[in-house]
Amino acid sequence: KLRKSAREIFKERRELERLSEANNEAGCLWREVAWVMRKEREEGGEIEDNALRSVMDTAESRFLLAAGVKNPQEDWARQSARRVKALGDNPFWPALALVNLGWFYHYTQPTGIKFPLKPIEEILNLVFNLIPSEYQWRSNGQKPPQVEEPNVLLWAVLGKAEMLRAYEKLRQRHEYAGEEREARVQEAVYHAALALQYDRLVGSDNYDLRRAEDGLENRIRQSDDWPNRLLPLFYRYARQLTGRIVLPENDRLAGPELALLKMLEERFGEADLWGISREVGGEVQ
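This write-up is about the structure you can find in this document.

Quick notes on the rules
- Residues numbered from 1 in each chain as written.
- Predicted model: local features only at pLDDT ≥ 70, side-chain atom pairs only at ≥ 80, totals over all residues.
- Heavy atoms only, no water.
- Helix = DSSP H or I, 4+ residues; strand = E, 2+ residues; numbered from the N terminus.
- Buried < 20%, exposed > 50% of the residue type's maximum accessible area, 1.4 Å probe, protein only.
- Lys, Arg positive; Asp, Glu negative; His and termini not counted.
- Salt bridge = Lys/Arg side-chain N within 4 Å of Asp/Glu carboxyl O.
- Polar contact = N/O pair within 3.5 Å; in protein donor to acceptor, adjacent residues only side chain to side chain.
- Contact = heavy atoms within 4.5 Å.
- Arc of directions from axis to C-beta.

1. Focus on the side chain of R219
And step 1. As for its position among the elements, R219 is in helix α8 (residues 207–221).
And step 2. Within the buried core, R219 has no salt-bridge partner, and the shortest N-O distance to an opposite charge, that of D225, equals 7.7 Å.
And step 3. Here the side chain of R219 touches S223 through a polar contact of 3.3 Å, side chain to side chain.
And step 4. Here R219 is in contact with Y167, L170 and R171, once residues within four sequence places are set aside.

2. What to know about unusual backbone geometry
And step 1. Unlike most non-glycine residues, D89 shows phi in positive territory, near 65 degrees.
And step 2. Within the fold, D89 resides in the loop between α3 (76–86) and α4 (92–108).
And step 3. Among the residues examined, D89 registers a relative accessible area of 52% and is labelled exposed.

3. Here's the deal with the side chain of K118
And step 1. Inspection of the secondary structure puts K118 in the loop between α4 and α5 (120–130).
And step 2. Excluding anything up to four places from it in sequence, K118 contacts W76, Y105 and I123.

4. Some details on α3
And step 1. Within α3, the full set of buried residues consists of W76, Q79, S80, R83 and V84. The buried residues of α3 occupy an angular sector of 140 degrees when the element is viewed end-on, so they sit on one face. Facing away from the buried side of α3 by more than 90 degrees, the exposed set consists of R78, R82 and K85.
And step 2. Its side-chain oxygen at 2.9 Å from the backbone nitrogen of A77, D75 defines the N-terminal cap of α3.
And step 3. Backbone geometry just downstream of α3 places G88 in the positive-phi region, at approximately 75 degrees.

Coordinates in, geometry out; function isn't part of it.
As structure tokens, this is what we get:
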């Protein structure tokens, strides 16, 4: 009787896991359809607002279902936590779905057609609350992850979440000037650095790491001021993070250098090429 009950519980859990995966993949599919429709519209295609909004609504609803949020008007934290419990205390699919929802909102807000049900930062806070604290850098990077037998997929989710924070800060910098503008870049660099470190924990040559590096490089190059201002600031603030983000002692893959610094040097060359002195935290010249 106990074995039969255990089999039933496992069967239900597996079916729920497949359902969460299917809804997440469906959300990604509809998100891509929305992206294609937006591009066609920008190029002069006759795409009506209602048609695009319908596709966006479908993507949104699939991500929410994958996260266990059946009623968006009720408490998301409680609903997603219930889904994690039903999945055997595995937060991977609900957390991934919420991160994907956040990225979806990041790219749909500029259209003026679809607006987030919740602020992106609030959604990301839900993600970090779902994933156990031992997987995360804490206290401004001073406490690295310490997990003996980790579910490395959770680090991939955290990497996506931190990179979304970085992109949001880069977007917000255009709303400010002077020191406030640079402060947003400094915050973006910190989150980008954490994102790549999480991806390095998954593996030194994994797909998520390379995709994150490619995306960040493209995002930097999209800015009008990237050669003269944005990139030099990235070098400057990344160097200041040396020692601030403490790397796990037993991490043989990451090595002693921050992944962000390594990525910048591989993609753009040495810092002095961009007017940054060799000292840690050197000034932009």
